[in-house]
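Results of the structural survey
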Amino acid sequence: MLELTHDDLCNMSHGETAFSIDDYKKGVPRWCPGCGDNSVLNSVQKLCKDKQLVPEKTVFVSGIGCSSRFPHYMNTYGFHGLHGRAFPVAEGVKFRRPDLNVFVITGDGDCCSIGTAHWIHAIRYNMNMTVLLLDNSIYGLTKKQTSPTSATGTKSNTHPKGSVLPPINPIQTTLSVSNASFVAQTVDWKPAHVFETIKAAYEHPGFSFVRVIQRCPKFMGDLYETTIADQSALTLLTHENGIKLDEKAEKSFKNIIQHNPSDINKGREYAEMKDSIPIGLFYQNKNAPRYDEYGAHNIGMPVTERITAINKELDKYAV
Amino acid sequence: MITTQSFPIEKEIKNRSITVSQHVVEIVSDSGEGAQKAGQSFGSISAKMGNGVWTVEIIPAEIQPPARSRAGASGIRIRIGSEKVTNMGDHANLVVALNEQVLYGRIAQDAYTKDTVILLENKWALKNKEEYTTALADFNAKGFKVIEIPMEAECMKYVSDAKKGKNMWVLGMLCEIYNRDITKAEDQIREVFKKKSEKVFEDNVNLLHGGYNWAKENLDLNFEIPPPENAGDQIVMNGNEAMAMGVMAAGIEVCAMYPITPATSISHKLAECFENAGGIVHQAEDEIAAIGFAIGSSYAGKTALTVTSGPGLALKTEFIGLAVMAEVPLVIIDVQRGGPSTGLPTKVEQGDLLAALYGEAGDAPKIIIAPSTIEECFHFVIKARKLAEQFRSPVFILSDTNLATGVSPFPRPKINVESFASPIDQSTWDKNVSPFDWDPKTGISKRPIPGQKDGMYTLTGLAHDEDSKVAYEPEINQKSSEARSRKIAAVLQTLKPPVVNGDESGDLLLVGWGSTKGAIEEAVATARKSGVKVSSLHLHFLSPMEPGLEDIFKKFKKVKTVELNYSDTIGDPLITKKSRRYAQLAWLLRAHTLVDVDCYSNVFGQPINPSKVLDMIKEKLK
């Protein structure tokens with residue numbers, strides 16, 4: 001019986017085909033016009049083409065929510081599962097399949113509310129996967145309820161007079177979990193930055209967490225209007241080891257800070273910025289222990305060896 | 001290295017020896033005194049001598065209940081026989097008690113009877129004189145034969161702290177009383193203390209011989225339980241260990257779990273040796289993540305299972321619904337304990353049948369099987385893995401505390417390649433075949449695995465068509481539901497009607513499932529010897545329900561299930577035939593066969609014993 005080992009799986013030949021961007025497209029997205037999900041989808045498809053990811057070796061795992069429809073629009077393998085539970089599924093996919101490129105698409109309700117426990121532990125497992133938190137600060141699919149990232153005072157159908165609690169800061173939360181290894185933030189109205197951030201995330205060897213701050217034109221239409229109009233409302237974190245923009249793209253930012261992503265304390269400080277939205281790479285550690293390496297250490301063991309081990313174990317119970 | 005020359009290892013059978021066909025032995029103590037370790041060793045030694053054995057742990061609900069408390073009885077029951085032993089038996093014949101108070105807990109559970117021999121630690125005669133004296137009087141009044149033994153004083157001859165090691169002294173004493181092979185006992189001790197130092201091993205061997213020699217010189221008590229002529233090539237283990245071995249023999253690669261009593265020891269066993277057999281244990285952050293992880297692995301083509309118990313099952317329900325909806329193969333082992341809620345964590349119950357079958361929202365058909373012996377715990381994992389893949393479905397294995405912790409020998413299984421999961425398929429998928437290409441007759445379809453070219457699809461828990469596209473048309477949900485349901489009918493096609501134990505017609509048919517088989521069949525055999533027309537039937541498939549039941553039932557005047565879950569008793573306040581809530585299998589059988597199936601059940605949290613079933617048979621046929 002042929003068992004596929006780690007190397008067999010990872011080095012399997014897939015012909016010489018060059019994949020075009022259309023090879024990654026499937027169906028017509030049912031997102032609202034102007035929804036940030038559309039721009040993220042475009043960036044991800046461009047990344048797949050640039051990296052020539054083999055479609056059948058790529059898996060998009062999502063939870064439930066507007067953004068979690070994402071896998072349906074990728075011509076790869078996909079898993080559109082349960083609300084809040086994308087992380088455990090993605091971990092299970094990756095655990096014994098190091099050859100698969102795993103992406104997790106999650107939303108603010110999915111990741112920061114119903115799935116919080118899985119989020120925290122997924123950071124700690126630090127398995128090699130690219131995580132995109134598409135955060136529009138509102139529940140869209142269920143029609144405008146307060147989200148854990150809604151700003152205090154957000155008027156919604158569950159808090160018509162305005163929400164009462166301060167929001168979770170997903171960047172700060174991620175930075176606080178031991179073994180965090182890649183934490184970045186971008187905004188949907190800066191497509192060049194979105195793409196470069198997702199690219200850096202994909203290239204990171206570990207759990208790369210990207211929060212994409214997004215507009216919801218349907219329910220939160222005016223939330224970022226002034227931010228988008230005001231060039232100083234964003235602060236670009238940049239560094240030779242951070243997320244790189246070309247000169248032209250960088251020129252569209254008024255506030256630019258040099259931030260070395262190996263400095264977690266500075267990263268935490270910037271994550272708390274109040275008057276401006278910081279975007280860029282807050283923290284990266286390429287050497288954090290990875291649970292997927294532990295998981296893959298004995299895959300593809302020959303059956304004869306396995307049977308010998310079982311018989312050896314049974315010997316201990318022999319009468 | 002120590003030698004055993006200074007000890008008499010050969011021993012003539014004393015004249016006082018009495019030959020018996022079976023004996024029930026108990027060791028009871030406070031928690032943490034090693035009674036279970038001694039009892040399991042005693043059971044293993046007996047199995048290794050060829051005897052039939054069944055052990056049941058006596059576990060208090062608390063980790064460390066107060067010392068000398070009646071509710072804190074901790075320990076083990078070991079039933080040894082000249083033939084195969086299938087259940088814990090009735091009243092104990094011989095009990096070793098490390099204090100007198102814990103015996104009250106067992107008396108309340110009707111574990112002892114007149115003539116039960118009690119070997120009692122006598123140090124409490126000084127320390128707790130009043131309680132001890134009262135207890136002795138109580139025990140004598142009940143007709144127990146109490147022998148007071150200076151266990152602690154004897155142990156102090158070998159170790160400075162008798163708390164460590166008294167259990168091995170007791171084991172030595174029992175070995176002498178039952179003529180167990182002392183070299184086998186030493187081997188067993190080496191296995192138990194393999195991770196400890198040579199000094200620890202040496203101390204424990206000295207205690208073992210100390211107990212052995214003391215019994216030889218001081219006790220006029222000796223029993224011979226001859227083993228059967230040829231038991232064949234056997235192994236001895238508990239049900240959870242058998243499950244773990246079954247997981248490896250099934251070629252499963254991933255066990256994703258979260259700690260929960262009494263299922264966890266399956267993963268302990270796996271954690272010990274799974275990695276040498278090509279698999280790995282994942283301890284998830286919670287029960288939900290554990291099953292999600294297993295589903296992710298299975299979706300990616302790696303055979304996976306999750307193990308849990310009642311409260312964990314409740315949490316996993318949403319994911320089980322997804323596995324049904326998206327047709328992800330998955331093995332779920334549920335080692336049942338008392339419920340609902342946190343319930344009785346360490347006690348036995350068969351209370352999850354309906355939750356397993358109907359726990360999810362909507363219609364979620366799935367396969368459910370239940371082993372009835374420790375041997376079946378091994379084989380059913382392989383069966384479940386095959387069923388899960390063949391029918392692209394979650395498969396439940398419903399075990400329980402009684403099987404999980406019970407130790408019994410069974411024929412050593414041959415491990416072969418056929419029982420292993422097939423290697424992952426990475427060939428190109430036929431583009432013309434949909435990911436849910438439901439066979440119109442059986443509902444079965446083949447699934448693409450990530451890595452298979454041209455097989456790309458997005459699995460979804462939303463209603464979907466053959467192409468896994470989200471369905472907005474009402475016909476598609478109806479059609480896909482039919483396909484999933486039909487798979488259960490297709491499984492049924494592969495089953496034969498069950499075989500009745502006893503005559504195929506008569507006055508009463510008892511129907512059971514799971515760990516109660518041994519007790520039911522022993523009671524039926526006893527009743528039949530006295531001319532009662534009773535038979536029994538034991539079900540191993542609960543979804544689909546095994547075929548031909550209606551025809552079998554109709555040949556009996558009365559049909560009654562025997563179960564360890566709750567049912568109302570007619571005659572209790574407000575309870576009539578109309579208001580009665582039946583035991584779980586009885587509900588299913590009544591619906592399934594339209595036969596007026598009665599039930600006998602309770603939730604005392606104890607394994608059922610033959611005499612209780614026998615009393616019920618007599619009552620029912622009055």
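Residues numbered from 1 in each chain as written. Chains lettered and ligands numbered in written order. Predicted model: local features only at pLDDT ≥ 70, side-chain atom pairs only at ≥ 80, totals over all residues. Heavy atoms only, no water.

1. Digging into the overall build of chain B
Looking only at helices and strands, chain B features 20 helices and 22 strands. Expected size for 622 residues packed as a compact globule is a radius of gyration near 25 Å; at 26 Å, chain B falls within 12% of this value. Taken along the three principal axes of its C-alpha coordinates, chain B extends 85 × 60 × 45 Å. The buried share among the 622 residues of chain B stands at 62%. Taking contacts inside chain B between residues at least 6 apart in sequence as the whole, the part at least 24 apart equals 78%. Summed over its atoms, the accessible surface of chain B is roughly 24,200 Å², and 51% of this surface lies on carbon and sulfur atoms. For chain B, the separation between the mean place of its 70 positive charges and that of its 78 negative charges on side chains is 2 Å. (Helix = DSSP H or I, 4+ residues; strand = E, 2+ residues; numbered from the N terminus. Rg over C-alpha atoms; globule rule 2.2 N^0.38 Å. Buried < 20%, exposed > 50% of the residue type's maximum accessible area, 1.4 Å probe, protein only. Contact = heavy atoms within 4.5 Å. Areas by Shrake-Rupley, 256 points an atom, 1.4 Å probe, with all protein chains shown as cover. Lys, Arg positive; Asp, Glu negative; His and termini not counted. Charge placed at Lys NZ, Arg CZ, Asp CG, Glu CD.)

2. Overview of the interface of chain B and chain A
On the chain A side, the residues contacting the 73 residues of chain B number 60 residues. For the pair chain B and chain A, the summed buried area comes to about 5,700 Å², and 63% of that belongs to carbon and sulfur atoms. Residue Asp-315 of chain A pairs with Arg-412 of chain B through a salt bridge whose shortest N-O separation is 2.8 Å. Along the contact surface separating chain B from chain A lie 35 residue pairs in polar contact (both at pLDDT 80 or more). Mapped by element, the contributors of at least two residues to the side of chain B that touches chain A are α1 (35–48), β9 (234–238), α9 (239–249), α10 (264–273), β11 (280–283), α11 (287–299), α12 (310–325) and β17 (458–460) of chain B. Broken down by element, the side of chain B that touches chain A gets its largest block of residues, 8 residues, from α11 of chain B. (Buried area = accessible area lost by both parts, 1.4 Å probe. Salt bridge = Lys/Arg side-chain N within 4 Å of Asp/Glu carboxyl O. Polar contact = N/O pair within 3.5 Å; in protein donor to acceptor, adjacent residues only side chain to side chain.)

3. Quick notes on the packing of helix α2 (residues 101–108) of chain B against helix α4 (residues 129–141) of chain B
All names here are of chain B. At a closest axis distance of 10 Å, the pairing of α2 and α4 adopts a crossing angle of 35°. Taken as a pair, α2 and α4 cross one another with a handedness that is left-handed. For the pair formed by α2 and α4, the contact residues are Gln-101, Leu-103, Tyr-104 and Ile-107 on the first element and Glu-131, Thr-134, Ala-135, Asp-138 and Phe-139 on the second. Tallied by class, residues from the contact of α2 with α4 come to 5 nonpolar, 2 polar and 2 charged. (Axes fitted to C-alpha atoms, helices over the stretch in contact; angles between N-to-C directions. Left-handed = near helix turned anticlockwise from the far one by under 90°. Nonpolar A, V, L, I, M, F, W, Y, C, P; charged D, E, K, R; others polar.)

4. Description of the pattern of salt bridges
Under the defined criterion, the tally for this structure stands at 52 salt bridges over all chains. For Arg-68 of chain B, the salt bridge identified is with Glu-100 of chain B, shortest N-O distance 2.6 Å. Taken together, the positions of Arg-68 of chain B in the loop between β3 (52–58) and β4 (74–81) and Glu-100 of chain B in the loop between β5 (94–97) and α2 put the pair 32 residues apart, joining distant regions of the chain. Judged by its relative accessible area of 13%, Arg-68 of chain B falls in the buried class. Taking the shortest distance from any N to any O, the salt bridge between Glu-327 of chain B and Lys-487 of chain B comes out at 2.9 Å. Remark: Lys-487 of chain B occurs in helix α16 (residues 474–493) and Glu-327 of chain B occurs in the loop between α12 and β13 (330–336); sequence separation between them is 160 residues. Like Lys-487 of chain B, Glu-327 of chain B is buried. Residues joined in a network through salt bridges with shared partners are Glu-313 and Lys-316 of chain A together with Lys-269 and Glu-272 of chain B.

5. Some points on the domain arrangement of chain B
All names here are of chain B. Each assigned domain of chain B is listed with its residue range as follows: domain 1 (18–224), domain 2 (236–414), domain 3 (426–494) and domain 4 (506–620). On the side of domain 2, 11 residues touch domain 1, which itself brings 13 residues to the contact. Together, the buried faces of domain 1 and domain 2 total about 1,200 Å²; carbon and sulfur atoms form 54% of this surface. Put simply, domain 1 and domain 2 have 3 residue pairs in polar contact (both at pLDDT 80 or more) between them. Secondary-structure elements contributing two or more residues to the side of domain 1 that touches domain 2 are α1 and β3. It is β3 that provides the largest number of residues to the side of domain 1 that touches domain 2, a total of 5 residues. Of the residues that constitute the side of domain 1 that touches domain 2, the class distribution is 8 nonpolar, 4 polar and 1 charged. (Domains from an automatic or database assignment.)

6. With respect to unusual backbone geometry
All names here are of chain B. Here the bond from Thr-261 into Pro-262 is cis, since omega is 0°, no more than 30 degrees from zero. Cis rather than trans, the peptide bond between Gly-339 and Pro-340 has omega equal to 0°. Structurally, the position occupied by Pro-340 is in the loop between β13 and α13 (353–358). One non-glycine residue, Glu-327, lies in positive phi territory at about 55°. Although it is not a glycine, Asp-454 adopts a positive phi angle of roughly 65°. Relative to the assigned elements, Asp-454 resides in the loop between β16 (407–411) and β17.

7. Regarding the packing of aromatic side chains
Scanning the model with the defined rule gives 25 aromatic pairs over all chains in all. Between Tyr-77 of chain A and Tyr-457 of chain B the ring centres are 6.1 Å apart and the planes differ by 80°, which places this aromatic pair in the edge-to-face class. Pair noted here: Tyr-77 of chain A is in strand β2 (residues 77–80) and Tyr-457 of chain B is in the loop between β16 and β17, and the two residues belong to different chains. Judged on exposure class, the residue Tyr-77 of chain A and its partner Tyr-457 of chain B are both buried. Between Phe-436 of chain B and Tyr-457 of chain B, the ring centres sit 6.1 Å apart and the planes meet at 85°, which makes this aromatic pair edge-to-face. Residue Phe-436 of chain B is located in the loop between β16 and β17, and its partner Tyr-457 of chain B is located in the loop between β16 and β17; the two are separated by 21 residues in the primary sequence. (Phe/Tyr/Trp six-rings, centres within 6.5 Å; stacked < 30°, edge-to-face > 60°.)

8. Structural notes on the environment of Lys-190 of chain A
Residue and element names in this part refer to chain A. With respect to the secondary-structure elements, Lys-190 resides in the loop between β7 (182–187) and α7 (191–203). With 51 residues separating them along the chain, Lys-190 and Tyr-139 place their C-alpha atoms 23 Å apart. In this structure Lys-190 touches Leu-234, Ser-252 and Phe-253, once residues within four positions along its chain are discounted. Separated by 3.2 Å, the side chains of Lys-190 and Ser-252 make a polar contact.

9. Let's talk about the packing of α9 of chain B against helix α14 (residues 374–390) of chain B
Residue and element names in this part refer to chain B. With their axes 7 Å apart at the nearest point, α9 and α14 run at an angle of 25° to one another. Considering the angle they form, α9 stands roughly parallel to α14. Seen along the crossing, α9 lies across α14 with a hand that is right-handed. Together, Gly-239, Ala-242, Met-243, Met-245, Gly-246, Val-247 and Ala-249 of α9 and Ile-374, Cys-377, Phe-378, Val-381 and Ile-382 of α14 make up the contact between the two elements. Split by residue class, the contact of α9 with α14 holds 10 nonpolar, 2 polar and no charged. (Parallel < 35°, antiparallel > 145°, perpendicular 65-115°, else oblique.)

10. Examining the pairing of strand β3 (residues 101–107) of chain A
Residue and element names in this part refer to chain A. Burial analysis of β3 places 7 of its 7 residues in the buried class, the great majority of the element. Side-chain alternation along β3 places Asn-101, Phe-103, Ile-105 and Gly-107 on one buried face and Val-102, Val-104 and Thr-106 on a second face that is also buried. By the bridge criterion, 5 bridges tie strand β1 (residues 58–62) to β3 in an arrangement that is parallel. Within the sheet, the bridge partner assigned to Val-59 lies in β3 and is Val-102. By the bridge criterion, 5 bridges tie β3 to strand β4 (residues 129–135) in an arrangement that is parallel. (Pairing = 2+ DSSP bridges.)

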